[in-house]
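Examining the three-dimensional arrangement
What follows is the residue order along each chain.
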Amino acid sequence: MANLRTCLAFLFLCCSLCDAVYEDQVGKFDWRQQYVGKVLFAHFESHSQASKKLILATDKNIVASLNPRTGDLFWRQVDKAGPEGHIDTLLFHGQDAVVVTGNGRLLRSWESSVGALNWEMLLDPGSFLAAVLVGTQDSVKFVAVLKKATVSLHYLSNGHQKWTETLPDSDTVHYQAVYSSGGSQLFVLGVVPHSHLSIITFNIEDGEITKCNSAPMLSLRVCILVGQGVLICADASTLSLYMLPLSSEEPVGLQQVPLQSLDLDLALGFQPVLLTTQPNPARPPLAQFFLQLGPDHHVLLQLSDGHLSPLRDFQPAFLVSFATTGEKTVAAVLSPKNETACSVSLYSADSGRRLLDTTVTIHLDPNGGKPEKLYVHAFLKKDDSVGYRVLVQTEDHTITFLQQPGRIVWTREEALADVVTMEMVDLPLTGTQAELEGEFGKKADGLAAMVLKRLSSQLILLQAWIAHLWKLFYDARKPRSQVKNEVTIETLARDEFNLQKMMVMVTASGKLFGIDSKSGMVLWKHYLRNVQPNAVFKLMVQRTTAHFPHPPQCTLLIKDKETGLAALHVFNPIFGKKSHVTPPTLSRPVLQSLLLPLMDQDYSKVLLLIDDEYKVTAFPSTKNVLQQLQEMASAIYFFLVDASQGKLSGFRLRKDLSTELIWEVVIPPEVQKIVAVKGKRANEHVHSQGRVMGDRSVLYKYLNPNLLAVVTESVDTHQERSFVGVFLIDGVTGRIIHEAVQRKARGPIHLVHSENWVVYEYWNAKSRRNEFSVLELFEGTELYNSTVFSSLDRPHLPQVLQQSYIFPSSISTMEATLTEKGITSRHLLVGLPSGAILSLPKMFLDPRRPEMATEQSREENLIPYAPEMPIRTEWFINYNQSVTRVRGIYTAPSGLESTCLVVAYGLDIFQTRVYPSKQFDVLKDDYDYVLISSVLFGLFFATMISKRLAQVKLLNRAWR
Amino acid sequence: NAVPTGGMEEVAVSTRGGGGTRRMKWALELSLGNTRSRGDRQSSQGDTLYPIGYSDKPVPDTSVQEADRNLVEKRCWDVALGPLKQIPMNLFIMYMSGNTISIFPIMMVCMMAWRPIQALMSLSATFKLLESSSQQWLQGIVYLIGNLLGSALAIYKCQSMGLLPTHSSDWLAFIEPPQRMEIMGGGMVL
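Keep in mind it's a predicted model, so treat the numbers as computed, not measured. Each chain carries its own residue numbering, running from 1 in the direction its sequence is written. In the order they appear in the text, chains get letters beginning with A and ligands get numbers beginning with 1. With pLDDT at 70 or above as the cut-off, local features in this predicted model cover only qualifying residues; side-chain atom pairs require 80 or more to be listed or tallied, and sums for whole chains, interfaces and linings still use all residues. Heavy atoms throughout the structure, all of them, feed into the side-chain values; hydrogens and water do not.

Here we take up the overall build of chain B. The helix and strand labels rest on DSSP assignments: H or I over at least four residues marks a helix, E over at least two residues marks a strand, and numbering proceeds from the N terminus. A tally of regular secondary structure across chain B gives 6 helices and 2 strands. Here chain B, with 190 residues, has 23% of them falling under the buried criterion. Any two residues having at least one pair of non-hydrogen atoms within 4.5 Å are treated as being in contact. In chain B, of all internal contacts separated by at least 6 residues, the share reaching a separation of at least 24 is 69%. Computed with a 1.4 Å probe, the accessible areas rest on the Shrake-Rupley method; for each residue, only the protein chains presented here act as cover. When the accessible surface of chain B is split by element, carbon and sulfur atoms take 64% of a total near 13,900 Å². Relative accessibility thresholds used throughout: buried, under 20% of the residue-type maximum; exposed, over 50%; partly exposed, between the two (1.4 Å probe, protein chains only).

Turning our eyes to something else, we now look at the pairing of strand β3 (residues 53-58) of chain A. Side chains on a regular strand alternate between the two faces of the sheet. All names here are of chain A. Taken across its 6 residues, β3 has 6 buried, putting it largely inside the fold. Both strand β2 (residues 39-45) and β3 contribute to a ladder of 6 bridges, which runs antiparallel. Residue pairing for β3: A42 is matched across the bridge by L56. A loop of 3 residues connects β3 with strand β4 (residues 62-66), the two strands running antiparallel in sequence, and N61 in this loop sits at a positive phi of about 60 degrees. Two strands qualify as a pair provided that DSSP identifies no fewer than 2 bridges between them.

UniProt positions are given in the numbering used here, feature names are shortened, and annotations may be inferred rather than shown by experiment. Following the UniProt record, the feature "domain: ER membrane protein complex subunit 1 C-terminal" (unreviewed entry) maps to residues 754-959 of chain A here. Within residues 754-959 of chain A, the helical portion is 17% and the strand portion 32%, while the C-alpha atoms at the span's ends are 78 Å from each other.

Attention shifts here to the interface of chain A and chain B. Counting from both sides, the interface comprises 47 residues of chain A and, opposite them, 23 residues of chain B. Together, Q592, Q689 and R696 of chain A form the three largest contributors to the area buried by chain A at its contact with chain B, with a combined 20%. The term salt bridge refers to a pairing of a side-chain nitrogen on Lys or Arg with a carboxyl oxygen on Asp or Glu at a separation within 4 Å. Scanning the region where chain A abuts chain B turns up 1 salt bridge. Its salt-bridge partner being R696 of chain A, residue D170 of chain B comes within 3.1 Å of it at the nearest N-O pair. In protein, a polar contact means a hydrogen-donor-capable atom and an acceptor-capable atom, both N or O and within 3.5 Å, with residues adjacent in sequence counting only if both atoms are side-chain atoms; elsewhere, any N or O pair within 3.5 Å suffices. One can count 20 residue pairs in polar contact (both at pLDDT 80 or more) joining chain A with chain B. Every element with two or more residues in the side of chain A that touches chain B is listed here: β39 (553-559), β41 (590-599), β44 (636-642), β47 (672-678), β48 (690-692), β49 (698-701) and β56 (788-789) of chain A. Here the side of chain A that touches chain B takes 7 residues from β44 of chain A, the largest share from any one element. Each residue receives one of three labels: charged for Asp, Glu, Lys and Arg, nonpolar for Ala, Val, Leu, Ile, Met, Phe, Trp, Tyr, Cys and Pro, and polar for the others, Gly being one of them. Partitioned by chemical class, the residues of the side of chain A that touches chain B number 30 nonpolar, 12 polar and 5 charged. Pairing analysis gives 2 bridges linking β56 of chain A to strand β1 (residues 179-180) of chain B, with the strands arranged parallel. Across the sheet, V788 of chain A pairs through a bridge with Q179 of chain B, a residue of β1 of chain B. When two parts are put together, the accessible area they lose, computed with a 1.4 Å probe and summed over both, is reported as buried area.

What follows is the structure in structure tokens.
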């Protein structure tokens, strides 16, 4: 009976926790943006006029198809992350996109119209070198794949292997490329360094080696196949091109053509790049090709009758590309016009003549990067002239699609596929609100002036209000579809409940974005040039919007992994502009930074940067700040964790901004390695200082703001001997508050540390399942010191409770919700590999859950312990909007206590709001205003009428 | 004896209201004395109509006074003991309503608490009521004790229902978060 009751109570609890969205709420508070990443290969599908598509393969292991009209995704196929799913090449023919992935592990063919998998073939082991489409008799039937030691030919229709052949002398010869020029032969080019070239010719029908050529060649360079089977190689050391006809019967030596004989002047450090085109794999490549002589110097060359001749010299020209439509092939050249614009022009590939009216002007964003890649889609117009569209990829991973004469059709910010860190910043007040606020900031200048000022600002407020009403009235007459709430950087203003914020996102490519959290629109972007690809970023909000008229200020710490040197980028998070505040120059490598709650006279928080000599640099470093630092120095501590040496060390600031080491904890790196260290979030508030027990006493929480959770993993990964260690260390004193070892457990470990609890997730190697474990710290029924918390004066260790649960899925990331005052109950937001984001109530992860429900535990609303943690689909806050490869979840409080803003980022970006304790402070979305107001008015009138009736009746009675 | 006088008067008035004797053909005067002056008639009435020894003032009855005093005393004791007599009833109601917090037990507790408080507030009025009694002070004290007992009972009921803020958990919401003495930060070496 008792069991049934607990079951019922549990069910009731679960029902009351359901907070899935209703159908009509879809997309109301949330949005998702899907990205593909940096484009590696792009092809235009152009075999029919009706269905035009853009097929892309990216560095995020994605094959995708874009709508060239809007830039939206038609479909997207996401492969495994990492080298296992890396796309080696993308070949495109007809409706088939053939992809080699995972360093030649798999050969796949995707159907380009719907993104379905045509076929998939597991290739023989061996590292991938090249792949090419092979055509015979004017039709493309095969794909040739060249690997380290083999070459194989596969049918394009079903992927079956036609033949595979071992390459001779594969340990000495470095095979490089495979070519076919439409005949019945397949050429494989190999190089023996400092010796000779080796060209092997295979018969396409049976894979038989028909010929083995070799040509002496001392140093090596790039080679291409041009025209009717002529190999052209460029050599930087001899400054010449080499020609070698492949199809000739008798072995012919290399024919050297010095570049000077072609009247080409060379820049220093000549790195030759050759570019050819083969419009149809069943036909030989064109006889024309591009040779890159310098970073902005290209030349179009032609091979005719065994002679090379330059057709046209392009200087300056950053990028060149070929495009084919029908029988015509054109060369597109991108050349700089001025500082902020480039132009693309078409030239006839046959003659090198410039085609008229084919210039597209590309305006470059001054805050963006330089063009990096150029893809041209040419088509024949009705009058048989060539029209074209251009896809330009810039250094900052932006892809822009342009059409003549320079109209941008769409732009995609693919840098957002790799968000590293982000912050949410409150929007500024409107001009009128700021006007009112400004009054308080200024000095008093007489009573009358103040009154006048107040009156005038109130007048402005009234005016704004009337304007707002008028706009409402004006908009109400228009149909709803026409009313567009265009968000621009000028109209940005904080809303009533501070639900709309500015998302400042830092991406791995070094591009910063400011995104409106309500609409997902990119409001500003700023590309930081010369950011190294593996740089580390740390974003800090130094001044919020609350200090009008001082602008808000964010600081981004960028540390170069190679040199260890760091730079600071100080900017305004609302407008993205670089601040005029000059950050300190950091001459020594920076180890860590620390944002203090101290403020200078301009209300910007003080940032301390610790260099490798453990000296501290303050930013801003005004006299005021230095004075404050001197006063506070003895209370400022910081800790550094060196994972490679397994060392945790604590430092204290001295008055002269040097530091002294006060504690050190060494976790032997031979046994275990530190994988994560988490403190508490600085903006976290805890409303309740304790928990009410069933007997109405209080169990006080151990709320140590200096507590660190350190997670280690054993170096030994054997199933029986692996373990996960959790240490709770006080960051000020270095005291180990608690340590726990989870035996037969393995990472990856995800950790959340908040309030008085730590939740972590690990892989239980013995039971082969994912488990959650929760640690909660309590001070006991008495508070040691209720007014101040000092880590230096804590004689008693806290009581630690722990419980573990089985979780039915692995997880990608985990974060806890955060609200303004911390009254709302907490949820854990768990990003699952499936792309779902689970909002898991913290009350399920409570070490005080009893095994048997008692009167007291029921009084406390404790759910009886159940080892399995449920995953309910109603708890998915992103319903069917999966966030692929979710890497991080960011939570921010809003102005409403019930509401927490959530941004999940990975390959996609998803923004929504969550209400962990339901919306207790707002009327429901579907609140029936009409009914309530009609009832109110009805009652009001009924009262009036009955009052009158009563009066009449009284009067009549009086007359009787 | 007043009725005939009224009738006579009425007739007299109506005849006079008619505009005087001159206009009337005839008049009947039934009363004694003349019609000219009312004051004369009034003053003459007492002397003429009441029998000898008739007195307007009531004579106090001294024979039943002893029994009345007992009655008052009893009545006063009733008032004084009223609150005490209610206590068993209240106990029964308390027992019946239980300790769950819902609308009816709360209403009962409110009634139980409110009645003694009201009585204590109107204590002076009750004391005035008891003024006539000889054991006024004793009764007053009993009345007071009864009411105090009643309110104590209500408080006990509140206590057993958990409505009184007597536990530390009731003051939990007022505890301010402790001020932190040290500033700490840092992390993994970047």
